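Analysis of the macromolecular model
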Amino acid sequence: ASRLGASTNWNIAEVEYHLGHVAAARHYAEISCDLWEKIDDAARDSYRPVIYGRIALWERAYVDARKLLDAAARVLEGSERDTPRINVQMGLAEAARGLGQDVESLVATTKATSIHREHDLAVMEGFDTAHLWLLHHVALRANGRSTLARQALLVAYRFVVKQIGD
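Overview of the structure. (Residues numbered from 1 in each chain as written. Predicted model: local features only at pLDDT ≥ 70, side-chain atom pairs only at ≥ 80, totals over all residues. Heavy atoms only, no water.)

A few words on the environment of His119. Mapped onto the fold, His119 is located in the loop between helix 6 (102-118) and helix 7 (129-142). For His119, a relative accessible area of 30% translates into the label partly exposed. Once residues lying within four places of it in the same chain are set aside, the contact partners of His119 are Asp82 and Met124. Polar side-chain contacts of His119 include one of 2.6 Å to the side chain of Asp82. (Helix = DSSP H or I, 4+ residues; strand = E, 2+ residues; numbered from the N terminus. Buried < 20%, exposed > 50% of the residue type's maximum accessible area, 1.4 Å probe, protein only. Contact = heavy atoms within 4.5 Å. Polar contact = N/O pair within 3.5 Å; in protein donor to acceptor, adjacent residues only side chain to side chain.)

Here it is, written out as structure tokens:
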């Protein structure tokens, strides 16, 4: 598996997770992390907390996920690596939701959608735009913001329709 490269192993990890194979997903994610950490780039320090934060989400270890993703957010703060920043905030929103912390979930989705708005709501590589806006919808609704929740759901719907059309 290490000959496949970091991105391929990460993609396999996500497929395994969606197939319900959490242990296999962890295995490929760990390989991916090891390979990415060997790459010399500015985001290298964020790979481990991002990847292990995602693994913790897969394993429903929400407290661990939040700690790891908070660490990743600190590493990425102020960077121009917007896709990883959005992914981290999405993960923080999922962890907060798993812990029943609706306000914290809304704070995270608001940060993520604000970054996405800076890109004029463009489809961006590396995260699911419809999923982002659905998470925001759920967080808004959980916080009693029904009008904004409907608007976020409409944005999510537009991205789903766009994906179908593409």
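The next point concerns helix 3 (residues 44-58). Counted at 1.5 Å a residue, the expected span for helix 3 with its 15 residues is 21 Å, and the 22 Å between its end C-alpha atoms agrees. The element helix 3 is extensively covered by neighbouring structure, given that 11 of its 15 residues are classed as buried. Within the span of helix 3, buried status applies to Ser46, Tyr47, Pro49, Ile51, Tyr52, Gly53, Arg54, Ile55, Ala56, Leu57 and Trp58. Buried residues belonging to helix 3 abut helix 1 (6-18), helix 2 (22-37), helix 4 (62-76) and helix 5 (82-98). (Expected span 1.5 Å × (residues − 1).)

Bringing helix 7 into the picture now. In this model, helix 7 (14 residues) spans 20 Å end to end at C-alpha, consistent with the 20 Å of a helix rising 1.5 Å per residue. Restricting attention to buried positions, one finds in helix 7 the residues Thr129, Ala130, Leu132, Trp133, Leu135, His136, His137, Ala139 and Leu140. Here the buried face of helix 7 lies against helix 5, helix 6 and helix 8 (146-165). The N-terminus of helix 7 is capped by Asp128, whose side-chain oxygen sits 3.0 Å from the backbone nitrogen of Ala130. Backbone geometry just after helix 7 places Gly144 at a positive phi near 75°.

Next up on the list: the nonpolar core. In summary, soluble globular proteins display a tendency toward joint burial of nonpolar side chains. Among the nonpolar cores identified, the biggest contains 18 residues, and Ile86, Met90, Phe127, Leu132, Trp133, Leu140 and Phe159 are the most heavily contacted of them. Mapped onto this core, the elements with two or more residues apiece are helix 5, helix 6, helix 7 and helix 8. The greatest single-element share of this core, amounting to 6 residues, is contributed by helix 7. Each residue touching Phe127, except ones within four places of it in the same chain, is listed here: Thr83, Ile86, Asn87, Met90, His116 and Leu132. Among the nonpolar cores identified, the runner-up in size contains 15 residues, and Ala6, Ala29, Cys33 and Trp58 belong to it. (Core = buried A, V, L, I, M, F, W, Y, C linked by side-chain atoms within 4.5 Å.)

Further remarks concern the pattern of salt bridges. Under the definition given, this model contains 6 salt bridges. The salt bridge partner of Glu37 is Arg48, with a shortest N-O separation of 2.7 Å. Of the two residues, Glu37 is situated in helix 2 and Arg48 in helix 3; the sequence distance between them amounts to 11 residues. Arg48 gets classed as partly exposed once you look at its relative accessible area, which sits at 32%. Note that Glu94 is salt-bridged to Arg54, the shortest N-O span being 3.3 Å. Note that Glu94 is positioned in helix 5 and Arg54 in helix 3, a separation of 40 residues in sequence. What you see here is one network of salt bridges that share partners, running through Arg26, Glu30 and Glu59. (Salt bridge = Lys/Arg side-chain N within 4 Å of Asp/Glu carboxyl O.)

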